[in-house]
Amino acid sequence: MARPLTTAQKINGALRRVPAWPLYVLGALWAAFLFWQALTGRLGVEPINALEREYGDTALKLLVAGLAVTPLLRYTRVSLLKFRRAIGLLTFFFVLAHFLVWALLDVQSFGRVWADILKRPYVTVGMIAFLGLIPLALTSNNLSIRRLGRSWRRLHQLVYGIAILGAVHYIWLAKGFQIEPLVYLGLILGLLAARIRWARFFADRTVRA
Amino acid sequence: MAHRWTNDLTRTDVTPRGLFMNRRQIIQAGGALGLAGLGGQAAAQDTPEPNSFEEITSYNNYYEFGTGKTDPAKNAEALDTSDWTVTVDGLVDNPGTYPLAELIDGLTVEERIYRLRCVEAWSMVVPWQGIELKDILDRAGVQSNARYVAFETAVQPENMPGVRRGVLDFPYVEGLRLDEAMHPLTIMATGLYDQPMPNQNGAPIRLVVPWKYGFKSIKSIVRISLVEDEPPTTWNRLAPNEYGFYANVNPTVDHPRWSQATERRIGGGLFSSRQDTLMYNGYDEVASLYEGMDLAAQF
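As the structure is a computational prediction, the values presented were derived from the model and not from experiment.

Looking at this model, I keep getting lost on the nonpolar core. Mind explaining?
Most often, soluble globular proteins have nonpolar side chains that are buried together. B:Val126, B:Val149, B:Phe151 and B:Met188 are the most contacted members of the largest nonpolar core, which totals 69 residues. Counting residues per element, this core draws most heavily on strand β4 (residues 122-132) of chain B, which supplies six residues. Residues contacting B:Phe151, with those up to four places away along its chain left out, are B:Val173, B:Glu174, B:Gly175, B:Leu207, B:Ile218, B:Ile221, B:Arg223 and B:Ile224. Counting residues in each nonpolar core, the second largest holds 40 residues, with A:Leu60, A:Val64, A:Ala97 and B:Leu270 among its members.

Just to check I follow, could you spell out helix α6 (residues 133-140) of chain B for this structure?
Because each turn of an α-helix spans 3.6 residues, side chains separated by three or four positions in sequence point in the same direction. Residue and element names in this part refer to chain B. Those residues of α6 not exposed but buried are Leu-133, Ile-136, Leu-137 and Ala-140. Here the buried residues of α6 occupy an arc of 95° about the axis, which is enough to place them on one side. Where the residues of α6 are buried, they touch β1 (85-90), α5 (100-104), β4, α8 (178-182) and β7 (187-192). Two residues or fewer after α6 comes Gly-141, characterised by a positive phi angle close to 80°.

Which parts of the structure should I look at to understand the interface of chain A and chain B?
Accessible area lost upon the coming together of the parts serves often as the stated size of an interface. Counting residues at the interface gives 17 residues for chain A, matched by 24 residues for chain B. Only α2 (21-39) and α3 (47-76) of chain A provide two or more residues apiece to the side of chain A that touches chain B. Taken together, the residues of the side of chain A that touches chain B break down into nine nonpolar, five polar and three charged.

Would you mind going over the pairing of strand β11 (residues 262-265) of chain B with me for this structure?
Residue and element names in this part refer to chain B. Bridge count between β4 and β11: two bridges; the pairing is parallel. Within β11, the residue paired with Trp-122 across the bridge is Arg-264. As paired elements, β11 and strand β12 (residues 275-276) share two bridges and run antiparallel to each other. Pairing of Thr-262 across the sheet is with Asp-276, part of β12.

I'm lost on the sheet that holds β1(B) in this one. Help?
Consider a sheet: its strands pair through backbone hydrogen bonds, and that pairing is either parallel or antiparallel. Residues and elements named next belong to chain B. Read across the sheet, five strands follow the order β2-β1-β10-β5-β6 without closing on themselves; strand pairing throughout is mixed. Across the chains shown, the open sheet's two edge strands, defined by having one partner strand only, are β2 (96-99) and β6 (173-177). The sheet shows a mean angle of 20° between the axes of neighbouring strands, taken without regard to direction. Both β1 and strand β10 (residues 221-227) contribute to a ladder of four bridges, which runs parallel. For Asp-89, the partnering residue across the bridge sits in β10 and is Ser-225.

Teacher, can you tell me more about the packing of α2(A) against helix α4 (residues 81-107) of chain A here?
Axis angle and axis distance: for two packed helices, these are the angle between their axes and the distance between the axes, and together they describe the pair. Residue and element names in this part refer to chain A. Axis separation between α2 and α4 bottoms out at 10 Å; the angle between their running directions is 20°. Considering their axes alone, α2 and α4 lie roughly parallel with respect to each other. Once α2 is placed against α4, the crossing between them reads as right-handed. Of the residues in α4, those touching α2 at Leu-23, Tyr-24, Gly-27 and Ala-31 are Phe-83, Ala-86, Leu-90, Phe-93, Phe-94 and Ala-97.

Honestly, the packing of helix α6 (residues 121-138) of chain A against helix α9 (residues 158-173) of chain A in this entry has me stumped. Any pointers?
Residue and element names in this part refer to chain A. It is at 8 Å that the axes of α6 and α9 come closest, and there the two elements cross at 155°. Taken together, α6 and α9 sit at an angle that is classed as roughly antiparallel. Our pair here, α6 against α9, has a crossing hand that is left-handed. Touching Pro-121, Tyr-122, Val-125, Gly-126, Ile-128, Ala-129, Gly-132, Leu-133 and Leu-136 of α6 are Leu-158, Val-159, Ile-162, Leu-165, Gly-166, Val-168, His-169, Trp-172 and Leu-173, all from α9. By residue class, the composition of the contact of α6 with α9 is 14 nonpolar, four polar and no charged.

Criteria and cut-off values
- Here the residue numbering is sequential within each chain, running from 1 through the sequence in written order.
- Lettering of chains starts at A and numbering of ligands starts at 1, both following the order in which they are written.
- Given that the model is predicted, a residue must reach a pLDDT of at least 70 before its local features are reported, and side-chain atom pairs must reach 80 or more before they are shown or counted; all residues, however, enter totals for whole chains, interfaces and linings.
- In plain words, the nonpolar core is the set of buried Ala, Val, Leu, Ile, Met, Phe, Trp, Tyr and Cys residues that C-beta atoms within 7 Å link up.
- Here exposure depends only on C-beta density: within 10 Å of a residue's C-beta, 20 or more other C-beta atoms make it buried, 12 or fewer make it exposed, and intermediate numbers make it partly exposed, the C-beta atoms being placed from the backbone.
- Counting from the N terminus, the helices are the DSSP runs of H or I reaching at least four residues and the strands are the DSSP runs of E reaching at least two.
- Throughout, a pair of residues is in contact if the C-beta atoms placed from their backbones lie within 7 Å.
- Note: the arc covers the axis-to-C-beta directions of the helix.
- Classification convention: Asp, Glu, Lys, Arg as charged; Ala, Val, Leu, Ile, Met, Phe, Trp, Tyr, Cys, Pro as nonpolar; all other residues, Gly among them, as polar.
- In this scheme, strands are said to pair when DSSP sees at least two bridges between them.
- Angles here are taken between N-to-C directions and fall from 0 to 180 degrees, while the axes themselves are lines fitted to C-alpha atoms, restricted in helices to the stretch in contact.
- Between 65 and 115 degrees an angle is taken as roughly perpendicular, under 35 as roughly parallel, over 145 as roughly antiparallel, and anywhere else as oblique.
- Each crossing gets its handedness from the near helix: less than a right angle anticlockwise from the far helix is left-handed, clockwise is right-handed.

Pasting the structure below:
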């Protein structure tokens, strides 16, 4: 006799029928909507900085969502794995948009962009995170997964460090004591900690000692 | 008394507020058509008309009401300005706690159209109404050993979400050297656009020192103290390497986290271009106050 389906199995069954591609459409629409808001004065009287922040903020939220997929599977058995590529690529897309608004609309000159990258630590950190995402975005396809084999996994573990850099970037640019950037760092560190298999981690230590 | 300084900025007095808004929208539309450079340039230093009332009152730094630029406009309504008093103390002949009306009674209120340059590298032009600080200090009777003026902002935890969250070390405090305080450019503003000071801009009375970064121009003042030693100032206490006591606008001394060489004038829309920041925010008449000082060290 078959066992009754668990809630997680029911959710997974329902998700099987949901394709991932609408996420790309939603992402593009959201980016365009924010741009339209900035263009028409709906993001306040200083739209450049506001748009830059909106794109950066969306990127951080997507990073957190992407990092949540594995812990969610482990602790609830709910699988969002099929959406993870879309979440990752959208993260890159919003970081790219964030960078372009900063470079083209905010700083407005290649010389100053370069100077800021070299001189301003929070820009340096953000830039490293952005550059780190490029190989991940370029290899987010089935062909790369097949070609790279085991090293694909190792390459994509870069995102752990990139996520931390993203949160540090946000904390570093805030003035005064602000909660929100710290919340992002907390979430990211929490989700990274949730990936570690603590039992095995400590078992290994004990064996070696 | 008063009228020691005349505006070099022009205000199109007859232009109703509605037309200011229109002008802004025209610039934005120009930007959308790729004429951004033209729109931005036209708004550059030569013809700095004041920003619109909407711009001046919807984009503020007033951390007592939140760290977001629109938080003060949303939250400052709660500021209680009734029965406002200002305590004048320290090295003065006539110390006391004065009702606001009494503090400024009989002093000349005049319009000053000033550029305002924020340390965050954005700027506005604001038509203030205010009284020269010197007039207030003269009446208080500054004693000869006083060398600095210290200011303090109201703290109303029940009305100020930022105070409850401890964003900064409140009360917000600021200070000026006595000669800076006595300079005719330095005013205590009580209004803008011929209206009483909006809460988010520092009602009912605030300092305006146009050649210094905006954070020096402390809002909603409840205390003015004449002192002998350089008083502590809020941002300097938080990050002394980033915010100096003097905080004179200076395009050659960068903030450690960003350049101060250029600024963006608020109101130019999504494609507004940056303009060069001027030494002392264009108020060269204060240069003599700092003769012989190393402005990179005493920033």
